[in-house]
Amino acid sequence: MKLKKLSALLLAGTMCVSIAACSGGDGTTTPAPSTAPESSAPATTAGTSDLSVAVFYYNYSDAFISNVRNEMDAQWEAMGVTYNNYDGNTNQGTQMDQVNTAIANGANVLVVNAVEASADETTQSIVDAAKTAGIPVIFFNREVSDDVVNSYDLAAFVGTDPAEAGHMQGELIGNYLIENYDAVDLNGDGVISYVMFKGQENNPEAEMRTQYAVEDANAILEANGKPTLAYYDTAATTQYLVDPNGSWSAAAAQDYMTTILSAYSEANGNMVELVIANNDDMGLGAITALETAGYNNGTGTTIPVFTVDGLQGIVDAISAGKATGAVGQSASGLAESVATLVKNYQADGALMSNTGDMIVDSGVAKIRVPYTTVS
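Conventions adopted
Residues numbered from 1 in each chain as written. Predicted model: local features only at pLDDT ≥ 70, side-chain atom pairs only at ≥ 80, totals over all residues. Heavy atoms only, no water. 1 Å grid on protein atoms, 1.4 Å probe; cavity = no way out; pocket = protein on both sides within 12 Å on 5 of 7 lines; lining within 4 Å. Points joined across faces, edges and corners; volume = space filled by probe spheres on them. Helix = DSSP H or I, 4+ residues; strand = E, 2+ residues; numbered from the N terminus. Nonpolar A, V, L, I, M, F, W, Y, C, P; charged D, E, K, R; others polar. Patch = residues over 30% accessible without salt bridge, like charges linked within 9 Å, V, L, I, M, F, W, Y side chains within 5 Å. Areas by Shrake-Rupley, 256 points an atom, 1.4 Å probe, with all protein chains shown as cover. Salt bridge = Lys/Arg side-chain N within 4 Å of Asp/Glu carboxyl O. Lys, Arg positive; Asp, Glu negative; His and termini not counted. Charge placed at Lys NZ, Arg CZ, Asp CG, Glu CD. Contact = heavy atoms within 4.5 Å. Phe/Tyr/Trp six-rings, centres within 6.5 Å; stacked < 30°, edge-to-face > 60°. Buried < 20%, exposed > 50% of the residue type's maximum accessible area, 1.4 Å probe, protein only. Axes fitted to C-alpha atoms, helices over the stretch in contact; angles between N-to-C directions. Parallel < 35°, antiparallel > 145°, perpendicular 65-115°, else oblique. pLDDT = per-residue confidence, 0-100.

So, about empty space enclosed by the protein. Scanning the entire structure with this criterion turns up 1 cavity of 30 Å³ or more. Residue lining of the largest cavity: 17 residues in total, with Asp62, Asn141, Arg209, Trp248 and Gln329 positioned closest to the centre. When contributions to the lining of the largest cavity are tallied by element, the ones reaching two or more residues are helix 1 (63-79) and helix 6 (204-223). Residue classes in the lining of the largest cavity are distributed as 6 nonpolar, 6 polar and 5 charged.

Let's shift gears to a negative patch on the surface. On the surface, Glu116, Asp120, Glu121 and Asp147 cluster together into a patch of negative charge. Relative to the helices and strands, Asp120 resides in helix 3 (residues 120-133).

Moving on: the environment of Glu336. With respect to the secondary-structure elements, Glu336 resides in helix 10 (residues 331-348). In sequence terms Glu336 and Met72 are 264 residues apart; their C-alpha atoms lie 7.4 Å from each other.

Okay, the side chain of Ser247 next. Tracing the sequence through the fold places Ser247 in the loop between strand 9 (241-242) and helix 7 (250-261). Once you skip the residues sitting within four places of it in the chain, Ser247 turns out to touch Tyr58, Asn59, Asp62 and Thr90.

Let us look at the packing of aromatic side chains. Counted by the stated rule, this structure contains 8 aromatic pairs. Taking the centre distance of 5.0 Å and the plane angle of 80 degrees together, the rings of Tyr232 and Tyr264 count as edge-to-face. Within this pair, whereas Tyr232 is found in the loop between strand 8 (230-231) and strand 9, its partner Tyr264 is found in the loop between helix 7 and strand 10 (274-277), the two being separated by 32 residues in sequence. Like Tyr264, Tyr232 is buried. Here the aromatic cluster, defined as three or more aromatic residues joined through ring pairs, consists of Tyr194, Tyr231, Tyr232 and Tyr264.

On inspection of all chains with the given rule, the structure shows 7 salt bridges. Linked by salt bridges that have partners in common, Glu143, Asp146, Asp361, Lys366 and Arg368 make up one network.

As a further point, take the packing of helix 2 (residues 92-104) against helix 3. Relative to each other, helix 2 and helix 3 sit at 5 degrees, their axes nearing to 11 Å. When the interaxial angle is binned, helix 2 and helix 3 end up roughly parallel. Across from Gln92, Gln95, Met96, Val99, Asn100 and Ile103 in helix 2, the residues of helix 3 making contact are Thr122, Ser125, Ile126, Ala129, Ala130 and Ala133. Split by residue class, the contact of helix 2 with helix 3 holds 7 nonpolar, 5 polar and no charged.

Our next topic: the confidence of the model for the chain. Mean pLDDT over the chain: 88, with 87% of residues reaching 70 or higher. Scored below 50 in pLDDT, residues 1-40 makes 94 contacts in the model with residues more than four places away or belonging to other chains.

Let us look at unusual backbone geometry. With a phi angle near 60 degrees, Thr90 is a residue other than glycine that sits in the positive phi range. Looking at where Thr90 falls in the secondary structure, it is placed in the loop between strand 3 (82-87) and helix 2. Unlike most non-glycine residues, Asn202 shows phi in positive territory, near 65 degrees. Mapped onto the secondary structure, Asn202 falls in the loop between strand 7 (193-199) and helix 6.

This is the structure we're talking about:
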C-alpha cells in the first residue's frame, strides 16, 4: 500500500473511519506475539530472519504510540524478524541506556521514538552509537533535525509534516465556526473564546499545531467578516496550556479544564466556547471535565472540541456528539513505512532505495505520512 493512497472515509450519522493499511510479509512463518512488558524491560519476539530490531518508544502509555506499537509488532512478525520493544517512560536517560544495552546485546537495526527529539545532542548521541556499531537507525513520530539525519548514511526519519495537522485543524475549526457561529457564541458577545491544550513545549508537532490551528481558523473567520478567536484568559502570558509532565495526557487536560470551569462559566458570561487539543487524549480529558459540569453529554449544550490523532476514542466521542472534529494520523501507515525501510536495508543495505512512491523530503532521508480528516 503506497502512502499517497492512505485515506479516511467518514460515514454520516454512524461515524466510521477507515484508514488504509496492509502488512508486509515475505512468506516466513509468523512467530507467536510477545506479551506486553512492564516498565522499561524489553519485550522480545524471536523470528526466522537474521535481523534483530530494537524498537524504543518514548512512552507506552501514550494512546497513539500504543497503536503504533501494535501495528509495528505486526509488521515485524510478518517479516519474521527478532524484535525487542523498550519503554522509555518519558525519560531520555533511560532510553539512552536502553539503546546502548540493545546494541551490546546484538541489535542490528534501531527504530527510535525519541523522548527528547528536539534536543540534537541527544538524538545525535543515538546516531553516533548506531554509526559506531555500523547499524541503521530509523527515528519515527517525533521529529529529529535534518542535521542529525544527514550525519549518517544509515539514518532516516518517518513521521508526519508537523505543519499539516495544524493547517487541517485550523480549516476544520474555521469552517465549523462560520456554519455555527451564533450557537457557539454562548454569551452573545460576538467573539469566540477558546482554550488550547498544547501538549509539550519545544515539540515540533505541538508547536505547529498550536500555531496554525489558531492562525488558519482566524483567517477563515476574518474572510467571513468575523472577529478572530480570543484566548479565554486575557491575562495569560501564553496562549496555550502544556502538560507539565510532557505526556500530552487526558489527566492534565481534565485537571486544567476542571479548574477553568470553576471560574469561567455561562453564569459568569465568560464560558470557554471552543476547545482545541493537540492530541485525542487531551481532548478526551477536557470532555470528561465538561461532562462533569453538565456539557458535552450528547443532549444539551456542547462545547466544540477539536483534536489530532483520530483514534477510536475520539471517533466514538464525535459519534456521540461529545466532540466535533479531529485530524487523524495513521498508526498503520507509520508502522508500514518504517518496516519498508527495514526491508530495504535487509534487501540491499540502503534504507531509502524503495521509496519512490512515498512522500520524501528533498535533501534528507525523511518520509512523511499524510494526515486525514475526521469530522
